[in-house]
Amino acid sequence: MSDVVEKTLTALPSLLSLDSHPGSAKLSSTSKLGNLIRGITELTSKHEEEKLIQHELLAIKEQVSSPNTTMMKELMVRSIYCEMLGYEASFSYIHAIKLAQQGTVLEKRVGYLAVSLFLNESHELLLLLVNTVLKDLQSTNLIEVCMALTVVSQMFPKDMIPAILPLVEEKLNHPKEIIRRKAVLALYKFYLIAPNQVQHIHNKFRKALCDKDPGVMTASLHIYLQMIQENPEAYKDLTPSFVTILKQVVGGKLPMDFNYHTVPAPWLQIQLLRILSLLGKNDQSTSEVMYEVLDESLQRAEMNHNITYAILYECVKCIYTIHPKSDLLEKAAKCIGNFVLSPKINLKYLGLKALTYVVQQDPKLALQHQMTIIECLDHPDLIIKRETLELLFRITNGQNVTVIVEKMLEFLCISEDDHTTIDLVGKVAELAEKYPLKYNEWFIETMNTVFSLGGDMMQPDIPNSFLKLLSEGFDSVEEDRKLRLFAVNSYIPLLRGEPGKLPQRFLQVISWVLGEYSHLREDLEPAEVLSLLAKLLDMKNSSSETKSWVLMAMTKLCKGGADASVTQEVSETYSSSLDTVLRQRAHELQYLSQDPELRARVLPRGSCGNFAFVSEALAAGAAPYKPPHQRQEELDQSKALSLEPYGLSLPISMSSCSITDRQSPTLLSMSSGLSGDTLKLDGIKRVWGREGYLAQREPVEEAAQVEVPSPIQSPGRQGEGDSLHSQTPTQTPTPEPEQEKQQLASSLFVGLASQSSVSLMGKSEPMPQRFRRKAKGQGLGSSFIANEQISSSLISPPSAVDNLLCNNLLDSNNASELAEQTSQLSQSLTTANGTCHAEAELTESDTKGCNPALRRDNCVVAAGPGPHNDPGRLTEVCLDSYLPAELSGLSHSEIAPLCANQSLNLSACHVQKEDSLILVVFIMNSSESAIQQIPAGEVTSYSVAVGQYSLTVKRPAVHVEVVGTVSYQLPAGTSQSLQFSYKVPLTSFIRPFVVSTEEYGTMWLSFSHDTKQNLTLINDNQEPLTATLNALKKKLQLHVVEVIGMEGIVACRLLQDLPCLMHCRVNAGWLAVWLRSPVPDLPDCLIYHCQRALQSL
Amino acid sequence: WRRNHRNTSCVIMSNNMQFMLLFSRQGKLRLQKWYVPLSDKEKKKITRELVQTVLARKPKMCSFLEWRDLKIVYKRYASLYFCCAIEDQDNELITLEIIHRYVELLDKYFGSVCELDIIFNFEKAYFILDEFLLGGEAQETSKKNVLKAIEQADLLQEVRYVIKPPWEQ
């Protein structure tokens, strides 16, 4: 269809040759309008056009005022045309109203149209239309009624609504659905402009909702959407009705007329989805009613058409707004994936928008699409870029803030749109203010950029809150001093350069800061600052507001003596200024500079004058000032019940309180959802930055650096560690740009995977499950391990049985060849948890009493009769002696009996080798007769066969369970099997991982699975951090990479080469541990063992 | 809050269209419909800025753009640009389909619509628009029903047109 349109429109010849065109023939080409249009197109200059139109308007004016013109309709159309071209034809407004009033139906139609185009609802002439509308509403001609309702739905004087309301209401009962529908829309308009006027007819809305015509019902939903938005509680009872309607629509129960390109009533669907999301928000029981139909909508909308995507988008939004349901969320997340990955730019944009919406609830979703997001960040279309920044803004935390702000500032430099600039500058300032203490210099530099780019457009409160932050400071006096000094240092060169180019607001900030804090810089003479400031006064473009800031700063700085000449000159100049404020400031400057004593009293250094009074009052017990909106909010809160059960009762550390308190409460609610864990990070020294570990790059200020001897490692291990490192997934060679992107990704999305952010969002139980969802590897981010496993428990159900020795069993040829042999023994090892992978040791061990019947290629070593013939006395101790020689030197676990029957006795132990874990199974024949095993051979009476299996872990679990079967044949020919299982703690698979701090830093960023927990510290005589780390090292074979002050980094690996990194920090009597690994569940399992290890001490 | 945040978390506005503009590739306005009360000066300024912005866009670019605090959804059909302004929380895709349905309606009414049809019969284009969108909301999405309503009104006009002149003259 659209193709047809495109084709015909393309075939359009130029405007000048239009006489022959069929389109123009439809309307008389000789008409005056036609002439006008043609006349205009023939003109070449704007001036000529103006002349022609003015001439035309004069002609129209003349004709409309003649008493009995029959041309009114055409004249009106021509006026509309002139107005569209941008020429005023206000003389025709009154005629439009007259035409609507007195004309025939055909004229009325044009009259109404002209009125709706010319006037807006506040125009006084509109009052003259009221009577016409009244008359037409009562007309028996349906078309007249329709016209009246149409104009009423577009514009109507608010005060006159009561006059026509009864008539419109009456139309709700009209037999024609088109009239009913228009009446509903008129009421909707009334509701929007004057809700209290239509309050009494709410029951009529319900009637409209139940109208037998779907069109009328659809129209009524506009009103309901509005009303529910204002007060969802009042309409909860309608939820089942809305759900039923949506179900019917989705199920295709509406007449075909409502289809749009075979999709049933998309507008209606979208309207309903919006209503449902309002109703289900924060309401579990209501949400439950709609899960089914939402699921259905997601499924039905499969067709690849824009309109289905529009519905899907609304559906996803709804699912993420209402009370969460995990499988729906999963489907919705998948759906967002389709959007984001779509090659169609419009869909991609909408995908980003949806992501922006949902990351507020689930920041991890951004992780899944990190590579796409990075690509979008470089997209040539600015709107895509802009939306990506919006998304990043919502996932900003303490770790990625610098990178994100950098990206925003980059965008600001290329953006030309004022609105975008204002918006982005505000966001950058917000982020910078949120994490100021972490990076002093960064904060000041960022704010400098904000002030220079934002110029005088930005919101005035940005400089205000910046100054407030600077003056109030944070917890540490030293840090405050540094911050202020840095600000001073950065401003001096700016003033020495070209201050004329700086925006006024920035100059005001600079003056204030210099006035307050330039004394912090000792090598800076006040005289120099004064002369720099005085220069600002002389600049032509300095506003008088700026000048007054400068004068105030000078007042604070002048000390008399050498400065006197500058200040004297300035104050003389401005004491005769016409601006009273400037005059006042100049006089202040004059008097205070001459009287140092008075100055010291009025402007005491350090406590920035204005606040001194406040702090004194506060100290005396006065209530702190709260801005009006906060007071109002608190008032509301005290009235209403808190609906968020856990949102507010979280332990927030003191430092974060002091920071958030300064912000308005809205900001707190804005940021708390996102910054989650980062709140707690405030005030922590920056150790890991976007380039990784920063120890070497930043001077460590704290003296508490403890040199910890690296764990005793054999040189062999050291080498092995290195080789291991080179095998880690991130190290796989990737093309250069790709690597860059990945680096960007890791710096942008750092900190998102942490689960602690969940708790701060005030949402409850179902969240963790959602957070478990991991990347469905798009093959882009190599830091992701494709893993679709969703499990919230650490112990997963048995799955993926690896039958190791199936070769042995399936060698049926072998078996038939050896048919004369009577007993068969075979083994198969399987693992519970689906996590363990055992390999048969193929080495032939020369255990004592080696049986000649031993088959070469078998793992099972049959041993001859042991020294102890009595099976009853066969203990573990003596089994020790059966250990293969190459293992006997290594430490092994206790040999544990596994199971036994009348003929076989199974025991096992595991031996930790450097690079593997060996499971040793002892099979002892406790019967009188020999047992034949194929292909392993025979185990004679009272002898022991030993099997060795090398185990590796595929998917970590707290305990790895190995399940095995021994199948054998007794001489009698009966085949039997014996099953056993053996549990190995995960710790047996853990080995130290020797890395350098630098390597650690790079790896840290690339690992996507993580967990955080607080552990108890060991408090013996030693320093607690070292003591705890040493204990963990001893128990779990971890490698302590480095300890700096209150932080330590530890590394280990899971056999064979799956690394896991651990970051420990002492915090308020706890050891805050953060584990990261490329392997899912490994951090969780390891933290369990750490806990156990520390508890057992 | 102070910085005019897009508060996507709670407010879902109705899909209220702010205005619709039709203009040619040469930047000539062909149709304008304002659903929010604005002064003429403001309207002119918006039109001028938007026409400029949209015409500067390249063909493969996104059909949406941010403009002031609004979202602009536009689509080009041959020589004509259809351009709607919606609020940020609104659904851009459905707005794109509203444009498309309007084009379909015009096409059916005029029979292979072209820019000239709209230029010379712009009041008809307005009638169709008013029948399809009322106060910025889609009121009747069925092609058949919209055109039926228009044709009924047209018929009345034409009948009177024919019948009236002899009596009046």
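What counts and what doesn't
Residues numbered from 1 in each chain as written. Chains lettered and ligands numbered in written order. Predicted model: local features only at pLDDT ≥ 70, side-chain atom pairs only at ≥ 80, totals over all residues. Heavy atoms only, no water. UniProt positions renumbered as here; feature names shortened; annotations may be inferred. Helix = DSSP H or I, 4+ residues; strand = E, 2+ residues; numbered from the N terminus. Buried < 20%, exposed > 50% of the residue type's maximum accessible area, 1.4 Å probe, protein only. Contact = heavy atoms within 4.5 Å. Areas by Shrake-Rupley, 256 points an atom, 1.4 Å probe, with all protein chains shown as cover. pLDDT = per-residue confidence, 0-100. Buried area = accessible area lost by both parts, 1.4 Å probe. Salt bridge = Lys/Arg side-chain N within 4 Å of Asp/Glu carboxyl O. Polar contact = N/O pair within 3.5 Å; in protein donor to acceptor, adjacent residues only side chain to side chain. Pairing = 2+ DSSP bridges. Axes fitted to C-alpha atoms, helices over the stretch in contact; angles between N-to-C directions. Expected span 1.5 Å × (residues − 1). Parallel < 35°, antiparallel > 145°, perpendicular 65-115°, else oblique. Nonpolar A, V, L, I, M, F, W, Y, C, P; charged D, E, K, R; others polar. Core = buried A, V, L, I, M, F, W, Y, C linked by side-chain atoms within 4.5 Å. Phe/Tyr/Trp six-rings, centres within 6.5 Å; stacked < 30°, edge-to-face > 60°.

- Naming follows an unreviewed UniProt entry, where chain B appears as AP complex subunit sigma of Astatotilapia calliptera.
- Regarding chain B, the UniProt comment filed under Function (unreviewed entry) reads as follows: "Subunit of clathrin-associated adaptor protein complex 1 that plays a role in protein sorting in the late-Golgi/trans-Golgi network (TGN) and/or endosomes. The AP complexes mediate both the recruitment of clathrin to membranes and the recognition of sorting signals within the cytosolic tails of transmembrane cargo molecules."
- In its Subunit (unreviewed entry) section, the UniProt entry covering chain B states "Adaptor protein complex 1 (AP-1) is a heterotetramer composed of two large adaptins (gamma-type subunit AP1G1 and beta-type subunit AP1B1), a medium adaptin (mu-type subunit AP1M1 or AP1M2) and a small adaptin (sigma-type subunit AP1S1 or AP1S2 or AP1S3). Binds to MUC1."

- Looking at an unreviewed UniProt entry, one finds chain A named AP-4 complex subunit epsilon, with Astatotilapia calliptera as its source organism.
- Regarding chain A, the relevant UniProt record gives this comment under Sequence similarities (unreviewed entry): "Belongs to the adaptor complexes large subunit family."
- Turning to chain A, the UniProt annotation filed under Subcellular location (unreviewed entry) states: "Endomembrane system".

### Observations regarding the overall build of chain B
- Within chain B one finds five helices and seven strands.
- Secondary structure elements of chain B, listed N to C terminal, follow the sequence β-β-α-β-β-β-α-α-α-β-β-α.
- Across the 169 residues of chain B, 65% fall into the buried class.
- Long-range contacts, defined here as pairs at least 24 residues apart, represent 53% of the contacts in chain B between residues at least 6 apart.
- Accessible area for chain B stands at about 6300 Å²; split by element, carbon and sulfur atoms hold 53% of it.

### Concerning the overall build of chain A
- Within chain A one finds 48 helices and 21 strands.
- Looking at chain A as a whole, 57% of its 1097 residues qualify as buried.
- Nonlocal contacts in chain A, meaning residues at least 24 apart in sequence, comprise 68% of its contacts between residues at least 6 apart.
- When the accessible area of chain A is evaluated, it comes to approximately 46600 Å², of which 53% is carbon and sulfur surface.

### Comments concerning the confidence of the model for chain B
Residue and element names in this part refer to chain B.
- When pLDDT is averaged along chain B, the result is 81; 83% of the residues meet or exceed 70.
- Under a pLDDT of 50 for its full length, residues 158-169 has, in the predicted model, five contacts with residues more than four places off or in other chains.
- For this predicted complex, the interface confidence score (ipTM) comes to 0.86, while the overall pTM stands at 0.60.

### Digging into the interface of chain B and chain A
- Facing the 92 residues of chain B at the interface are 104 residues of chain A.
- Taking both partners together, chain B and chain A bury about 9000 Å²; carbon and sulfur atoms supply 57% of that area.
- Where chain B packs against chain A, one counts eight salt bridges.
- Taking the shortest distance from any N to any O, the salt bridge between A:Arg386 and B:Glu66 comes out at 3.3 Å.
- Joining chain B to chain A, the criterion identifies 25 residue pairs in polar contact (both at pLDDT 80 or more).
- The element that contributes the greatest number of residues to the side of chain B that touches chain A is helix 2 (residues 92-110) of chain B, accounting for 13 residues.

### Quick notes on the sheet that holds strand 4 (residues 70-77) of chain B
All names here are of chain B.
- Spatially, 2-1-5-4-3 is the arrangement adopted by the five strands of the open sheet, whose pairing is antiparallel. In the strand order of this sheet, the two ends are held by strand 2 (29-34) and strand 3 (64-67), each with one partner. Averaged over neighbouring strand pairs, the angle between their axes works out to 20 degrees when direction is ignored.
- Of the strand pairs in this sheet, strand 1 (residues 19-24) and strand 2 are connected by five bridges, and their pairing is antiparallel. Across the sheet, residue Leu22 finds its bridge partner in strand 2, namely Leu31.
- On top of the sheet, helix 4 (residues 122-132) reaches strand 1 and strand 2; it is set at about 35 degrees to strand 2, its chief contact.

### Focus: helix 11 (residues 177-193) of chain A
- The first and last C-alpha atoms of helix 11 of chain A sit 24 Å apart over 17 residues, in line with the 24 Å expected at 1.5 Å per residue.
- Taken across its 17 residues, helix 11 of chain A has 15 buried, putting it largely inside the fold.

### A few points about the packing of helix 5 (residues 72-84) of chain A against helix 4 of chain B
- Direction vectors running N to C along helix 5 of chain A and helix 4 of chain B enclose 85 degrees, while the axes themselves pass 10 Å from each other. The angle between helix 5 of chain A and helix 4 of chain B places the two elements in the roughly perpendicular class. Every residue of helix 4 of chain B that contacts helix 5 of chain A at A:Val77, A:Ile80, A:Tyr81 and A:Met84 is listed here: B:Phe122, B:Glu123 and B:Tyr126.
- Looking at the contact of helix 5 of chain A with helix 4 of chain B residue by residue, the class counts come to six nonpolar, no polar and one charged.

### Re the nonpolar core
- In this structure, A:Phe242 and B:Tyr102 are the most contacted members of the largest nonpolar core, which totals 285 residues.
- Among the nonpolar cores identified, the runner-up in size contains 70 residues, and A:Ile918, A:Val1079, A:Leu1082 and A:Ala1093 belong to it.

### Observations regarding the pairing of strand 3 of chain B
Residue and element names in this part refer to chain B.
- Burial along strand 3 is two-sided: Phe64 and Glu66 facing one way and Leu65 and Trp67 facing the other are all buried.
- Sheet topology places strand 3 next to strand 4; four bridges connect them, and they run antiparallel. Counted as the bridge partner of Glu66 is Lys71 from strand 4.
- What sits between the antiparallel neighbours strand 3 and strand 4 is a turn of two residues, in which Arg68 has the positive phi angle 50 degrees.

### What to know about the packing of helix 19 (residues 345-358) of chain A against helix 2 of chain B
- Contact pair helix 19 of chain A / helix 2 of chain B: the axes reach a minimum separation of 10 Å and the direction vectors enclose 145 degrees. The segment helix 19 of chain A lies against helix 2 of chain B, with A:Asn346, A:Leu347, A:Tyr349, A:Leu350 and A:Lys353 engaging B:Glu92, B:Leu93 and B:Leu96.
- Within the contact of helix 19 of chain A with helix 2 of chain B, the residues separate by chemical class into five nonpolar, one polar and two charged.

### Observations regarding the side chain of B:Lys71
- Relative to the helices and strands, B:Lys71 is located in strand 4.
- The buried category is assigned to B:Lys71, whose relative accessible area is 0%.
- Polar contacts involving the side chain of B:Lys71 include one to the side chain of A:Tyr349, which spans 2.5 Å.
- Of the polar contacts made by the side chain of B:Lys71, one reaches the side chain of B:Glu92; its length is 3.0 Å.

### A closer look at helix 15 (residues 266-280) of chain A
All names here are of chain A.
- Its 15 residues place the ends of helix 15 21 Å apart at the C-alpha level, agreeing with the 21 Å of an ideal helix rising 1.5 Å per residue.
- With 15 of its 15 residues buried, helix 15 lies for the most part within the structure.
- One or two residues past the end of helix 15 sits Asn282, with phi positive at roughly 55 degrees.

### Remarks on the environment of A:Met458
- Relative to the helices and strands, A:Met458 resides in the loop between helix 25 (440-454) and helix 26 (461-472).
- Each C-alpha atom of the pair A:Met458 and A:Val425 lies 6.9 Å from the other, and the pair is 33 residues apart in sequence.

### So, the side chain of A:Ser490
All names here are of chain A.
- Summarising the element assignment, Ser490 is placed in helix 27 (residues 477-496).
- Residue Ser490 is classed as buried on the basis of its relative accessible area of 17%.
- In this structure Ser490 touches Ile444 and Asn448, once residues within four positions along its chain are discounted.

### Re the pattern of salt bridges
- For the structure on display, the rule yields 42 salt bridges over all chains.
- Salt-bridge contacts for A:Lys427 lead to A:Glu390; the nearest nitrogen and oxygen are separated by 2.9 Å. Here A:Glu390 lies in helix 22 (residues 382-394) and A:Lys427 lies in helix 24 (residues 418-434), a separation of 37 residues in the sequence.
- Put simply, B:Glu49 and B:Arg68 hold a salt bridge, and the shortest N to O gap is 3.5 Å. Separated by 19 residues along the polypeptide, B:Glu49 in helix 1 (residues 40-55) and B:Arg68 in the loop between strand 3 and strand 4 bring together distant segments of the chain.

### Some remarks on the packing of aromatic side chains
Residues and elements named next belong to chain A.
- Counting across every chain of the model gives 21 aromatic pairs over all chains.
- Summarising the aromatic geometry, the rings of Phe156 and Phe190 are spaced 6.3 Å apart at their centres and angled 50 degrees between planes, so their arrangement reads as tilted. Of this pair, Phe156 sits in the loop between helix 9 (142-154) and helix 10 (161-171) while Phe190 sits in helix 11, placing them 34 residues apart in sequence.
- A residue is classified by how much of its surface remains accessible, and Phe190, at 0% relative accessible area, is buried.
- Summarising the aromatic geometry, the rings of Phe451 and Phe466 are spaced 5.3 Å apart at their centres and angled 75 degrees between planes, so their arrangement reads as edge-to-face. Pair noted here: Phe451 is in helix 25 and Phe466 is in helix 26, with a separation of 15 residues, a long-range link.

### Regarding unusual backbone geometry
Residues and elements named next belong to chain A.
- The phi angle at His261 is positive, at roughly 50 degrees, despite the residue not being glycine.
- Here His261 shows up in the loop between strand 1 (259-260) and strand 2 (263-264).
- The exposure class of His261 is partly exposed, given its relative accessible area of 28%.
- Although it is not a glycine, Thr262 sits at a positive phi angle of roughly 65 degrees.
- Its location among the elements puts Thr262 in the loop between strand 1 and strand 2.

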